[in-house]
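Examination of the molecular architecture
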Amino acid sequence: MVAYLLGAVPFGFLVARARGIDIRSVGSGNIGATNVLRSVGKSWGILALVLDALKGLIPAAVFPVLAQQIPFLGFGETSAPIVSVACGCAAVIGHNYPVYLKFKGGKGVATTAGALIGIAPLALLCGLVTFALFFGLSRMVALGSIAAAVVIPVAAWLLYADQGQLIPIVLTVLGVLAIWRHRPNIKRILTGTENRIVFGKSKTDKSRRSEAKTEETES
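Starting from 1, residues in each chain are numbered consecutively following that chain's sequence as written. For this predicted model, a pLDDT threshold of at least 70 governs which residues receive local features, and a threshold of 80 or more governs which side-chain atom pairs are given and counted, while totals over whole chains, interfaces and linings are taken from all residues. Think of the side-chain values as coming from all heavy atoms in the structure, minus any hydrogens and water.

**Describing the packing of helix α8 (residues 141-160) against helix α10 (residues 183-191)**
So the rule is basically this: Between the N-to-C directions of two axes lies an angle of 0 to 180 degrees, each axis being a line fitted to C-alpha atoms and, for a helix, fitted only over the stretch in contact. The helix and strand labels rest on DSSP assignments: H or I over at least four residues marks a helix, E over at least two residues marks a strand, and numbering proceeds from the N terminus. By convention, the crossing between two helices is left-handed when the near helix turns anticlockwise from the far helix through less than a right angle, and right-handed when the turn is clockwise. We call two residues in contact whenever any of their non-hydrogen atoms come within 4.5 Å of each other. Amino acid classes used here: Ala, Val, Leu, Ile, Met, Phe, Trp, Tyr, Cys and Pro are nonpolar; Asp, Glu, Lys and Arg are charged; the rest, including Gly, are polar.
For the pair α8 and α10, interaxial distance at closest approach is 10 Å and the crossing angle is 115°. The handedness of the crossing between α8 and α10 comes out as left-handed. On α10, the residues touching Ala142, Leu143 and Ile146 of α8 are Asn185, Ile186 and Ile189. By residue class, the composition of the contact of α8 with α10 is five nonpolar, one polar and no charged.

Next comes the structure, spelled out in structure tokens:
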């Protein structure tokens, strides 16, 4: 429950609100770091990204250690991986379906990445390389995230199956959930209307085209 409540803290929403913006009413309407970056600014988007990742990392890496220090819980060292996976998943679910915002949250990419640092760092590394490759080629955060959501479960089965099936199964479920949460992005990618990030500029392709059209009309 504590992991869920921590994961449900809508940092993207809070960061944007601190700047006087309701992130749900601008850009894609998503409370995640990508929309904060596009709609509020690069530094604020990075802050939201780090905070979202931390709320996945802390439950997955710290909570199992704390649980072992509370005798009446009965958690030993051998149960740490199970506690880590359970708390990491709870944090991701909290981000995706936050009780504080009527269960309307983000896509869970940053929070999942944070949790994977504590659960399966090698699988995360494979996912990050995949994300970097697809994002670098397309400049679409969503495409990179979807590709990583496919690769991470595959890497988990290859790298962690000899330790039991818990981690590969859980990461497969999280990967499917991440792809499911990206359904609108998949539709926009297929129709060629998905926003792209251009380094050094805070505006999306769509807004730049709109401004260019306005300038042509005015001239």
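**Concerning the nonpolar core**
Threshold: We call a set of buried residues a nonpolar core when its members are Ala, Val, Leu, Ile, Met, Phe, Trp, Tyr or Cys and they connect through side-chain atoms within 4.5 Å of each other. To sort residues, take the accessible area from a 1.4 Å probe on protein chains only and compare it with the maximum for the residue type: under 20% means buried, over 50% means exposed, and anything in between is partly exposed.
Counting 18 residues, the largest nonpolar core has Ile119, Ala120, Ala123, Ile167 and Leu171 as the members making the most contacts within it. In this structure Ile167 touches Val85, Ile119, Ala120 and Tyr160, once residues within four positions along its chain are discounted. Core analysis: the next-biggest nonpolar cluster, separate from the first, contains ten residues, Ala16, Val36, Val40 and Ala48 among them.

**With respect to the packing of helix α9 (residues 166-181) against α10**
Quick reminder of the rule: Oblique is the label for any angle not covered by the other classes, which are roughly parallel (under 35 degrees), roughly antiparallel (over 145) and roughly perpendicular (65 to 115).
With their axes 4 Å apart at the nearest point, α9 and α10 run at an angle of 60° to one another. Compared by their axis directions, α9 and α10 come out oblique. On α10, the residues that touch Ile179, Trp180 and Arg181 of α9 are Arg183, Pro184, Asn185 and Ile186.

**Structural notes on the side chain of Ser138**
Tracing the backbone shows Ser138 in helix α7 (residues 121-138). The contact partners of Ser138, leaving out residues within four places of it in the chain, are Leu143 and Arg196.

**With respect to the side chain of His182**
Counting through the fold element by element, His182 comes out in the loop between α9 and α10. Taking relative accessible area as the criterion, His182 reaches 4% and is therefore assigned buried. Sequence-distant contacts of His182, defined by excluding residues within four places in its chain, comprise Lys107, Val109, Ala142, Ser145 and Ile146.

**Describing a nonpolar patch on the surface**
The cut-off we apply is this: Think of a patch as exposed residues, more than 30% relative accessible area, with no salt bridge, where like charges cluster within 9 Å and nonpolar side chains (Val, Leu, Ile, Met, Phe, Trp, Tyr) cluster within 5 Å. Shrake-Rupley sampling with a 1.4 Å probe provides the accessible areas, and residues are treated as covered by the protein chains on show and by no other component. A pair is scored as a salt bridge if a Lys or Arg side-chain nitrogen falls within 4 Å of a carboxyl oxygen belonging to Asp or Glu.
Judged by side-chain polarity, Ile46, Val50, Leu54, Ile58, Val62 and Leu66 come together as a nonpolar surface patch covering roughly 450 Å² of accessible area. Position of Leu66 relative to the elements: it lies in helix α4 (residues 42-68).

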